[in-house]
Amino acid sequence: MLYRDFATQEAIDREYDPMRGRDPAALLGDWQARSDALRERCRVTENVAFGPTLAERMDVYHADAEGAPLHLFLHGGYWRSLGHREFGFVAEGLVAAGINVAVVNYALCPTVAFGEVVRQARAAVAWAYRHGASLGVDPSRLSVSGHSAGGHLTAMLLATDWQGKYGLPDDLLEGALCISGLYDLRPFPWSWLQPKLQLTGRDVQTYSPLFLPCRVAAPVHLVAGGEESMEFARQMQAHAEHLEAQGMAVSAELSPGDDHFTILHHYAPGGRFVQRIAAFHGG
């Protein structure tokens, strides 16, 4: 077997390719149009540099209140596609709820090694904590969420030794929301993604949150779509059990009727993800 009970790449690809049967151009066109429209209506500080490379940028969507919390969103695309500009639409409901939103960009595989993607996600949080006040946000009130590959990166932020590696407090996050995340990387070296990801055995061990201690004692909510393949639900449950075993405050749920992409609709004004993130900040 290649991974668990999967004997072929085709079997792995069926479970881990959520774009099958979808029109990618229509999906991305809708996201881009909604994001462009929000940037027209919202006060946005665009392409804020949080690191030395051109990829290390974030768009910050401002709530009306000065010194409001900051939520960081990490996009999906299986670590090898898409960017922050397509995902501005996720900020609409949060800004309406009085929460600033940073939609984070990062470099993509194989232009960079897999570990560099993780480093850049961590760099975004470190920059926000140290410099967020310059944008009129409260850097002591940070939360984070991510979708798909971004769900993985969010889990990696929870596994970061912030004090030992960055000199930052280990409680720098008030909460984390992981949506349709990948927490065990072992299937991907056997998948259609490997030519882009170029994962090594060491990468799989070092960057699989399922194998790492959680170092941030923040509330964590895991969610996957009820219409996604069973591997997304299984990975979610496995990671929930991993966090529970460490005494973490974690909850997990399947979102009925949602697939890998419609699940993002819950960032709309009044949506379940907006409510969950507001609760992280006491709202």
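Being a predicted model, the structure only gives us computed values, none of them experimental.

**Looking at the sheet that holds strand β7 (residues 220–225)**
The eight strands are arranged β1-β2-β4-β3-β5-β6-β7-β8 in an open sheet whose pairing can be described as mixed. Unpaired on one side and paired on the other, β1 (44–49) and β8 (250–255) mark the two borders of the sheet. Geometrically, the sheet is characterised by an average inter-axis angle of 20° between neighbouring strands, direction not taken into account. Here strand β3 (residues 68–74) pairs with strand β5 (residues 137–147) via six bridges, running parallel. If you follow alanine 68 over to β5, its bridge partner there is valine 137. Across the sheet, helix α5 (residues 149–158) lies against β3, β5, β6 (173–179) and β7, angled at about 135° from β5, the strand it touches most.

**A short note on the side chain of glutamate 231**
Residue placement: glutamate 231 occurs in helix α9 (residues 230–244). Glutamate 231 has contacts with Tyr3, Arg4, Phe6, Glu15 and Tyr16, leaving out every residue within four places of it along the chain.

**Focus on the packing of aromatic side chains**
Here the structure, examined in full by the defined rule, presents 17 aromatic pairs. Residues phenylalanine 73 and phenylalanine 87 carry aromatic rings whose centres are separated by 6.0 Å and whose planes lie at 35° to one another, so their mutual orientation is tilted. Here phenylalanine 73 is found in strand β3, whereas its partner phenylalanine 87 is found in the loop between β3 and α3 (91–96), with 14 residues between them in sequence. With relative accessibility at 1%, the residue phenylalanine 87 sits in the buried group. With centroids separated by 5.7 Å and ring planes inclined at 40°, the aromatic side chains of tyrosine 78 and tryptophan 79 adopt a geometry described as tilted. As far as the burial class goes, tyrosine 78 and tryptophan 79 line up, both buried.

**Concerning the nonpolar core**
The nonpolar side chains of soluble globular proteins are, as a tendency, buried together. Counting residues in hydrophobic clusters, the biggest one holds 71 residues, and the most contacted among them are Met58, Leu72, Trp79 and Phe188. Excluding anything up to four places from it in sequence, methionine 58 contacts Thr45, Glu46, Asn47, Val48, Phe50, Leu72, His84, Ala102, Val103, Val104, Ala124 and Trp127. Core analysis: the second largest hydrophobic core is formed by 28 residues, Cys42, Phe73, Val95 and Phe261 among them.

**Quick word on unusual backbone geometry**
For the peptide bond that leads from cysteine 109 to proline 110, omega is 0°, which places it in the cis range. Take proline 110: it is sitting in the loop between β4 (100–104) and α4 (114–131). Unlike most non-glycine residues, arginine 4 shows phi in positive territory, near 50°. Structurally, arginine 4 can be placed in the segment before α1 (9–16). Residue tryptophan 79 is not a glycine yet carries a positive backbone phi of 65°. Within the fold, tryptophan 79 resides in the loop between β3 and α3. Since its relative accessible area comes to 0%, tryptophan 79 is described here as buried.

Rules and cut-offs
Residues numbered from 1 in each chain as written. Predicted model: local features only at pLDDT ≥ 70, side-chain atom pairs only at ≥ 80, totals over all residues. Heavy atoms only, no water. Pairing = 2+ DSSP bridges. Helix = DSSP H or I, 4+ residues; strand = E, 2+ residues; numbered from the N terminus. Axes fitted to C-alpha atoms, helices over the stretch in contact; angles between N-to-C directions. Contact = heavy atoms within 4.5 Å. Phe/Tyr/Trp six-rings, centres within 6.5 Å; stacked < 30°, edge-to-face > 60°. Buried < 20%, exposed > 50% of the residue type's maximum accessible area, 1.4 Å probe, protein only. Core = buried A, V, L, I, M, F, W, Y, C linked by side-chain atoms within 4.5 Å.

Everything listed here is a matter of coordinates, which is why it stays silent on function.
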